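Take a look at the letters that make up each chain.
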Amino acid sequence: MAKAKARNRVIEGEYKGKAIGCTFKVIFISVSLFKTIDITTENVESYQLVDEQTSGAGAGEGLARGLVGGAIAGGIGALAGVMTVPENDIYAVIINFKDGKKSLIEMDGKYYSVLKKNLMYNVKL
C-alpha cells in the first residue's frame, strides 16, 4: 500500500486551497500567478505543529541523527542532525501571521525542515 504524500498546501483558514512552495531558504504561499507570501519572521508571529505522520522510527530517529551530527560537527552538527526530516513525512502546522490571519498548512518533511530553520526563534510552545 502506497504511503500518502503531503499536499503542500493551505488546508484551512486564510489562503485555503493555495499551494505552498519552497526555495532553499524560504517557504511561501502562492496567492496568485505573480504574488507570493513568504513564511518568514517578517510576516509570521508564531507557528505551531499540530499533527505529524512519520514514516520512520519517529522522534528517536531524529534524536539519533542529532547525536551523530553532534559527535561529528559539534553543536551545529547536532542542530543539523535533528532538523533533517524524511521528505515523505507529513506535518500539519498552524501559521499565525502578524496581520492577524491564520492558516493551517500541510507540508512534507523537506518543507517543514526549511520552515523550522526560518522560524526557529518564533516557536509557540
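Scope of this entry: the structure provided in the associated data block. Per-chain numbering applies: the sequence of each chain, read as written, is numbered from 1 onward. At least 70 in pLDDT is required for a residue's local features to be given in this predicted model, at least 80 for side-chain atom pairs to be given and counted, and no such filter applies to totals for whole chains, interfaces and linings, which use all residues. Values shown for side chains rest on all heavy atoms present in the structure; no hydrogens or waters enter the calculation.

Strands are treated as partners if at least two bridges between them are detected by DSSP. Each helix is a run of H or I in the DSSP string that is no shorter than four residues. Each strand is a run of E no shorter than two, and both are numbered from the N terminus. Strand order across the open sheet formed by 3 strands is β2-β3-β4, with antiparallel pairing between neighbours. Looking at which strands have only one partner, the edges of the open sheet turn out to be β2 (20-22) and β4 (36-39). On average, each strand axis in the sheet is tilted by 30 degrees relative to the strand beside it, whichever way the strands run. Looking at chain direction, β2 and strand β3 (residues 27-30) are connected through 3 bridges and run antiparallel. Within the sheet, the bridge partner assigned to glycine 21 lies in β3 and is phenylalanine 28. Fitting a line to C-alpha atoms yields each axis, with helices limited to the stretch in contact; the angle taken between N-to-C directions then spans 0 to 180 degrees.

So, about the side chain of glutamate 106. Mapped onto the secondary structure, glutamate 106 falls in strand β7 (residues 102-108). A distance of 2.7 Å separates a polar side-chain atom of glutamate 106 from the backbone nitrogen of arginine 7. Every residue pair with non-hydrogen atoms within 4.5 Å of one another is taken to be in contact. With residues up to four places along the chain from it excluded, the contact list for glutamate 106 reads Lys5, Ala6, Arg7, Asn8, Arg9, Ile11, Ile20, Ile90 and Tyr91. Polar contact is defined as a pair of N or O atoms within 3.5 Å, subject to the rule that within protein one atom must be able to donate a hydrogen and the other to accept it, and that residues adjacent in sequence are counted only when both atoms are side-chain atoms.

We now examine the environment of isoleucine 94. Inspection of the secondary structure puts isoleucine 94 in strand β6 (residues 90-97). Three labels apply to residues, based on accessible area from a 1.4 Å probe with only protein chains included: buried if under 20% of the type maximum, exposed if over 50%, partly exposed otherwise in between. Residue classification places isoleucine 94 among the partly exposed positions, given a relative accessible area of 26%. Each C-alpha atom of the pair isoleucine 94 and tyrosine 47 lies 5.5 Å from the other, and the pair is 47 residues apart in sequence. For isoleucine 94, the contacting residues outside a window of four places in its chain are Ser46, Tyr47, Gln48, Val50, Ser103 and Leu104.

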